[in-house]
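Analysis of the macromolecular model
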Amino acid sequence: MSMPIPGSTADLATKWAYIEEGINQIMAKQEMSFTKYQALYTEAYNYCTTTVDSHKPTDCQADLYDHLERYLASHVKLIREKAISLEDEVTPEFYNTEWERYKAGANYMNRLFTFLNRHWVRRQRDENKKDIYPIYTLALVQWKLNMLDPIQDPQPNLASVVELQRNEVQQALE
């Protein structure tokens, strides 16, 4: 059962819990109604524009970005743990399937957090904070850091897949 939409007076933790539940659904490629997606989009916007507990909206935007960064890192680590548990059974198809699912989810997330990208991320990048990325690129960076970088010496059947994914992430960063 899904959480109810937080009210306008909800604290940041409640708002994040609602958003995180929706992101979980997106990243798992579960069916989501347009109404639910709209509610998530609205809640992401509200999170970015609301002054809560004497926080300025820019503080809330930074907080949301940090939550997203941690969420993506954790999500990729779970996929990596699944790959490790498969040991010798992990195949290029596994990596490709997970990579495509992850990119599709990241693309939806990027649209979901358009306001954050357009205002806070752009402002941070204009201030030369180069470790701040639009949400889609942030997702790719987290894949690289938590999935690809730990693979130092891939199995021969996985080497080309890992190299293609590394190249795709690198192109997004350029």
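Here, the structure is the one placed above.
The paragraphs below set out a description of the structure included in this document. These numbers were taken from a predicted model, which means no experiment stands behind them. (Residues numbered from 1 in each chain as written. Predicted model: local features only at pLDDT ≥ 70, side-chain atom pairs only at ≥ 80, totals over all residues. Heavy atoms only, no water.)

**A closer look at the overall build of the protein**
Per the secondary structure count, the protein includes seven helices and zero strands. For the protein, the N- to C-terminal ordering of α and β elements is α-α-α-α-α-α-α. A globule of 174 residues ought to have a C-alpha radius of gyration of about 16 Å, and the protein, at 17 Å, matches this closely. In terms of principal-axis extent, the alpha carbons of the protein reach across some 55 × 40 × 25 Å. Across the 174 residues of the protein, 44% fall into the buried class. At a minimum sequence separation of 6, the contacts of the protein that also span at least 24 residues come to 67%. Carbon and sulfur atoms make up 50% of the accessible area of the protein, which amounts to about 9600 Å² in all. The averaged location of the 25 negative side-chain charges in the protein is 6 Å from the averaged location of its 19 positive side-chain charges. (Helix = DSSP H or I, 4+ residues; strand = E, 2+ residues; numbered from the N terminus. Rg over C-alpha atoms; globule rule 2.2 N^0.38 Å. Buried < 20%, exposed > 50% of the residue type's maximum accessible area, 1.4 Å probe, protein only. Contact = heavy atoms within 4.5 Å. Areas by Shrake-Rupley, 256 points an atom, 1.4 Å probe, with all protein chains shown as cover. Lys, Arg positive; Asp, Glu negative; His and termini not counted. Charge placed at Lys NZ, Arg CZ, Asp CG, Glu CD.)

**A short note on unusual backbone geometry**
The backbone phi angle of K29 is positive, close to 55°, even though this residue is not glycine. Relative to the helices and strands, K29 resides in the loop between α1 (12-27) and α2 (34-49). For K29, a relative accessible area of 56% corresponds to the exposed category. Positive phi, close to 65°, is recorded for N128, a residue that is not glycine. Looking at the secondary structure, you find N128 in the loop between α5 (114-126) and α6 (135-148).

**Structural notes on the side chain of E98**
Inspection of the secondary structure puts E98 in helix α4 (residues 92-112). Other than its neighbours up to four places away in sequence, E98 contacts I79, K82 and W143.

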